[in-house]
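# Residue-level structure breakdown
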Amino acid sequence: MKFFVDTADLDEIRDLAATGMVDGVTTNPSLVAKAGRDFFEALQEICDLVPGPVSAEVTATDTDGMLREAEKLRAVADNIAIKVPTTWDGLKACRRLADEGVMVNVTLCFSVNQAILAAKAGAAFVSPFVGRLDDIGQIGMDLIADIKQVYDHYPAFKTEILVASVRHVTHLLDAARLGADICTIPPNVLRQLIRHPLTDAGLAAFLADWEKTGQKIVKD
Ligand code: G3P
């Protein structure tokens with residue numbers, strides 16, 4: 001499963017990219033506002049740091065406006081993926097961009113119907129928001145399972161399932177169990193993946209016992 005980092009914070013991206021585990025980045029207008037940076041400057045720096053797909057979301061709501069904005073965003077770098085909302089205008093923009101070979105990430109997806117339309121529109125990625133479905137008492141991961149089941153019937157669907165609105169490590173684990181292609185992960189959740197108390201305790205015990213030997217692997 002590919003890991004994208006879900007943030008526009010350059011320090012976070014720089015730190016996590018150094019692990020070699022970051023396959024891409026997703027941003028959205030809220031994350032850009034939170035980062036407090038010039039959008040185009042931040043995008044350029046992100047694309048320089050991460051060679052994989054970097055999602056940049058349009059803010060227009062009409063197809064022609066989206067296409068105009070997409071042209072500006074695509075000029076930033078070759079690894080820019082254009083993010084459009086799951087609306088008719090967004091899908092029409094997706095179709096036009098996909099026909100030009102542009103990576104499109106259809107976002108704010110909350111149903112299988114929407115995911116089917118995204119695939120028909122030629123999206124490179126569809127972003128179902130699992131956390132926000134959980135927020136209203138539904139089971140967000142059920143949507144991932146349903147999309148995966150439908151997509152698996154149609155090899156012509158090339159759209160990758162990009163699990164978004166991830167709030168905790170269980171979302172990531174369930175996404176992996178379901179065979180989702182990508183998970184876009186907030187930095188704090190990504191860092192939680194490594195943590196286990198038995199690892200910490202075991203390492204401390206190893207080092208304490210080693211200390212007693214008085215030996216060094218690398219002599220001073
Ligand atoms: O990529 C979408 C993600 O940023 C939305 O997350 O927690 O605002 O639902 P959240």
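Our subject is the structure that appears above.
Since this is a predicted model, take the numbers as computed values, not measurements.

## Details of the pattern of salt bridges
A complete count under the given rule lists 13 salt bridges for this structure. Note that R191 and D15 form a salt bridge whose closest N and O atoms lie 2.6 Å from each other. You can see R191 sitting in helix α10 (residues 187-192) and its partner D15 sitting in helix α1 (residues 10-17), a full 176 residues away along the chain. Owing to a relative accessible area of 28%, R191 belongs among the partly exposed residues under this scheme. Note that R37 is salt-bridged to E41, the shortest N-O span being 3.9 Å. By sharing partners, the salt bridges in this structure join D11, R14, R37, E41 and E45 into a single network.

## Focus: the site of the ligand
Neighbouring the ligand are the residues D6, N28, L31, K83, F129, R132, A164, S165 and R167. One of the side-chain N or O atoms of D6 is found 2.6 Å from an oxygen atom in the ligand. One of the side-chain nitrogen or oxygen atoms of N28 is found 3.1 Å away from an oxygen atom of the ligand. Protein contacts shield 81% of the accessible area of the ligand, which totals 310 Å² for the unbound molecule.

## A word on the packing of aromatic side chains
Describing an aromatic ring pair means giving the distance of the ring centres and the angle of the ring planes. A full pass over the atoms with the stated rule returns 5 aromatic pairs. Between F39 and F40 the ring centres are 5.8 Å apart and the planes differ by 55°, which places this aromatic pair in the tilted class. Residue classification places F39 among the partly exposed residues on the basis of a relative accessible area of 22%. Note on Y154 and F157: the rings are 5.4 Å apart at their centroids and 45° apart in plane angle, and the pair reads as tilted. What makes F157 buried here is its relative accessible area of 18%. One aromatic cluster is present, built from ring pairs that chain together Y151, Y154 and F157.

## With respect to the pairing of strand β4 (residues 80-85)
For β4, a buried count of 6 out of 6 residues is recorded, marking the element as mostly surrounded by other parts of the structure. The alternating pattern of β4 places I80, I82 and V84 on one face and A81, K83 and P85 on the opposite face, and all of these are buried. Strand direction decides the pairing type here: strand β3 (residues 54-57) and β4, joined by 4 bridges, are parallel. Paired with V54 across the two strands is I80, which belongs to β4. In terms of handedness, the path from β3 via helix α4 (residues 63-74) over to β4 forms a crossover that is right-handed. Summarising the sheet, β4 and strand β5 (residues 104-109) pair through 4 bridges and their orientation is parallel. By the bridge assignment, P85 is partnered in β5 with T107. Tracing the backbone out of β4, into helix α5 (residues 88-99) and back to the parallel element β5 gives a crossover that is right-handed.

## Looking at empty space enclosed by the protein
A full pass over the atoms with the stated rule returns 1 cavity of 30 Å³ or more. Taken as a whole, the largest cavity encloses approximately 30 Å³ of empty space. Taken together, A8, T27, V32, F39, A42, L43 and I46 form the lining of the largest cavity. Broken down by element, the residue count for the lining of the largest cavity peaks at 4 residues, all from helix α3 (residues 39-49). When grouped by side-chain class, the residues that make up the lining of the largest cavity number 6 nonpolar, 1 polar and no charged.

Thresholds applied
Each chain carries its own residue numbering, running from 1 in the direction its sequence is written. Local features in this predicted model are restricted to residues whose pLDDT is 70 or higher, and side-chain atom pairs enter the listing and the counts only when it is 80 or higher, whereas totals over whole chains, interfaces and linings include all residues. Derived side-chain values reflect all non-hydrogen atoms in the structure, with water molecules and hydrogen atoms excluded from consideration. Salt bridges are defined as contacts in which a side-chain nitrogen from Lys or Arg sits within 4 Å of a carboxyl oxygen from Asp or Glu. Helix numbering and strand numbering both begin at the N terminus, where a helix is a DSSP run of H or I of at least 4 residues and a strand a DSSP run of E of at least 2. Accessibility here uses a 1.4 Å probe with only protein chains present; expressed as a share of the type maximum, an area under 20% marks a residue as buried, one over 50% as exposed, and anything in between as partly exposed. When at least one non-hydrogen atom of a residue lies within 4 Å of a molecule or strand, that residue is treated as near it. We define a polar contact as two N or O atoms separated by no more than 3.5 Å, with the added condition that, inside protein, one atom must be a possible hydrogen donor and the other a possible acceptor, whereas residues neighbouring each other in sequence contribute only through side-chain atom pairs. Note that accessible areas follow from Shrake-Rupley with a 1.4 Å probe, and for residues the cover is restricted to the protein chains shown. Pairs were defined over the aromatic rings of Phe, Tyr and Trp, the Trp ring being its six-membered one, requiring ring centres within 6.5 Å. Orientation was assigned from the angle between planes: stacked under 30 degrees, edge-to-face over 60, tilted for the rest. DSSP-based pairing: two strands are paired if at least 2 bridges between them are found. Crossovers are marked right-handed if the path from the first strand over the helix to the second runs clockwise, as seen with the strands pointing away from the viewer. Grid points spaced at 1 Å and placed over the protein atoms alone form the basis of the search, with a cavity being a set where a 1.4 Å probe fits but cannot get out and a pocket an open set showing protein on both sides within 12 Å along at least five of seven lines. Lining residues have an atom within 4 Å of a point. Grid points are joined across faces, edges and corners, and a volume is the space filled by probe spheres set on the points. In the scheme used here, Gly and all other residues not listed as nonpolar or charged are polar, with Ala, Val, Leu, Ile, Met, Phe, Trp, Tyr, Cys and Pro taken as nonpolar and Asp, Glu, Lys and Arg as charged.

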